[in-house]
Amino acid sequence: MANFKSWLANLTLHLFGWKLVGETPAAPKHVLIAAPHTSNWDFVFMYLAAKGLSVDLSWMGKDSLFKGPMGPIFRAMGGVPVTRDGRHNMVAQMVKTIGERATIMLAIPPAGTRDKTVNWKSGFYHIAEGANVPLLFGFVDYGRKRTGIGPSLMPSGDITADMDVVRDFYADITARYPRKTSEIVLRSEGRGDFGVLQVVGVEAEERVN
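My aim in this report is to walk through the structure given alongside it, one point at a time. (Residues numbered from 1 in each chain as written. Predicted model: local features only at pLDDT ≥ 70, side-chain atom pairs only at ≥ 80, totals over all residues. Heavy atoms only, no water.)

A word on helix 6 (residues 159-170). The terminal C-alpha atoms of helix 6 lie 16 Å apart, and with 12 residues this matches the ideal 16 Å at 1.5 Å per residue to within 8%. Of the positions making up helix 6, those classed as buried are I159, D162, M163, V166, F169 and Y170. When helix 6 is viewed along its axis, its buried side chains cluster within an angular range of 115° and face the same direction. Against strand 2 (29-35), helix 5 (123-131), strand 6 (135-141) and strand 7 (146-153) lie the buried residues of helix 6. (Helix = DSSP H or I, 4+ residues; strand = E, 2+ residues; numbered from the N terminus. Expected span 1.5 Å × (residues − 1). Buried < 20%, exposed > 50% of the residue type's maximum accessible area, 1.4 Å probe, protein only. Arc of directions from axis to C-beta. Contact = heavy atoms within 4.5 Å.)

A few words now on the side chain of D42. Position of D42 among the secondary structure elements: in helix 2 (residues 41-52). Buried within the structure, D42 lacks any salt-bridge partner; R176 is the closest side chain of opposite charge, at an N-O distance of 6.7 Å. Contact partners of D42, with chain neighbours within four places excluded, come to P36, H37, V140 and Y142. (Lys, Arg positive; Asp, Glu negative; His and termini not counted. Salt bridge = Lys/Arg side-chain N within 4 Å of Asp/Glu carboxyl O.)

Along the chain, A35 connects to P36 via a cis peptide bond; the corresponding omega equals -10°. Its location among the elements puts P36 in the loop between strand 2 and helix 2. We note that S54 has phi near 60°; this positive angle belongs to a residue other than glycine. For S54, a relative accessible area of 44% translates into the label partly exposed. Although it is not a glycine, K145 adopts a positive phi angle of roughly 50°. Relative to the helices and strands, K145 is located in the loop between strand 6 and strand 7.

All of the buried residues along helix 4 (residues 90-100) are M90, V91, Q93, M94, T97 and I98. Taken down its axis, helix 4 places every buried residue within 160° of arc, on the same side. Opposite the packed face of helix 4, turned more than 90 degrees from it, sit the exposed residues K96, G99 and E100. Those residues of helix 4 that are buried are in contact with strand 2, strand 3 (57-62), strand 4 (79-82), strand 5 (104-108) and helix 5. Its side-chain oxygen at 3.0 Å from the backbone nitrogen of V91, N89 defines the N-terminal cap of helix 4. (Polar contact = N/O pair within 3.5 Å; in protein donor to acceptor, adjacent residues only side chain to side chain.)

A cluster of nonpolar residues, F4, W7, L8, L11 and L15, forms a patch on the protein surface that exposes about 530 Å² of accessible area. Looking at the element boundaries, L8 is found in helix 1 (residues 2-16). Residue classification places L8 among the partly exposed positions, given a relative accessible area of 38%. (Patch = residues over 30% accessible without salt bridge, like charges linked within 9 Å, V, L, I, M, F, W, Y side chains within 5 Å. Areas by Shrake-Rupley, 256 points an atom, 1.4 Å probe, with all protein chains shown as cover.)

Residues V31, I33, W120, F124, V166 and Y170 are the most contacted members of the largest nonpolar core, which totals 33 residues. Mapped onto this core, the elements with two or more residues apiece are strand 2, strand 4, helix 4, strand 5, helix 5, strand 6 and helix 6. Counting residues in hydrophobic clusters, the runner-up holds 19 residues, among them W18, M46, V55 and L136. (Core = buried A, V, L, I, M, F, W, Y, C linked by side-chain atoms within 4.5 Å.)

Have a look at this one:
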């Protein structure tokens, strides 16, 4: 069944005129940087890339999404419920979730929104650091119609040095809407951070042209 899903995902990407790049990660647990993020189509291509590489992609959604009839469907698609209130720290929730799983690839769009921001939110880094798992460089490159998974990086604690590696990788990757591409910089590097994480279901849906 896994081989069929991989074949189907690769076929779908081919029909779109896209190329899948990368290899199935060797380590069982990762935090996947899902970037750039300027369109709803980004998730579609990143999801197909994961399936094409025989990986089950997980993503965060606010807990109310999982309480109705769509809950089981969202969970089957890799959704992980997150409680969003002052009593619950989302980084701690995700570190705990990763620790409880035998395997997981948790995809996080660090920009936190499809609109342009002055920086990335730092939650993706702190989750990987807290869970002691590598960051994987997931990408959707509309300029060359490529999507997939690049190299991995184990957080060193030196955020600026690690982010320099991240910036270098994403420097030539083109978003669907380049003008909405967020700056790849964290608060600790000298700019304001508007929050930690973006959770699916919080922001309004964007009309895809």
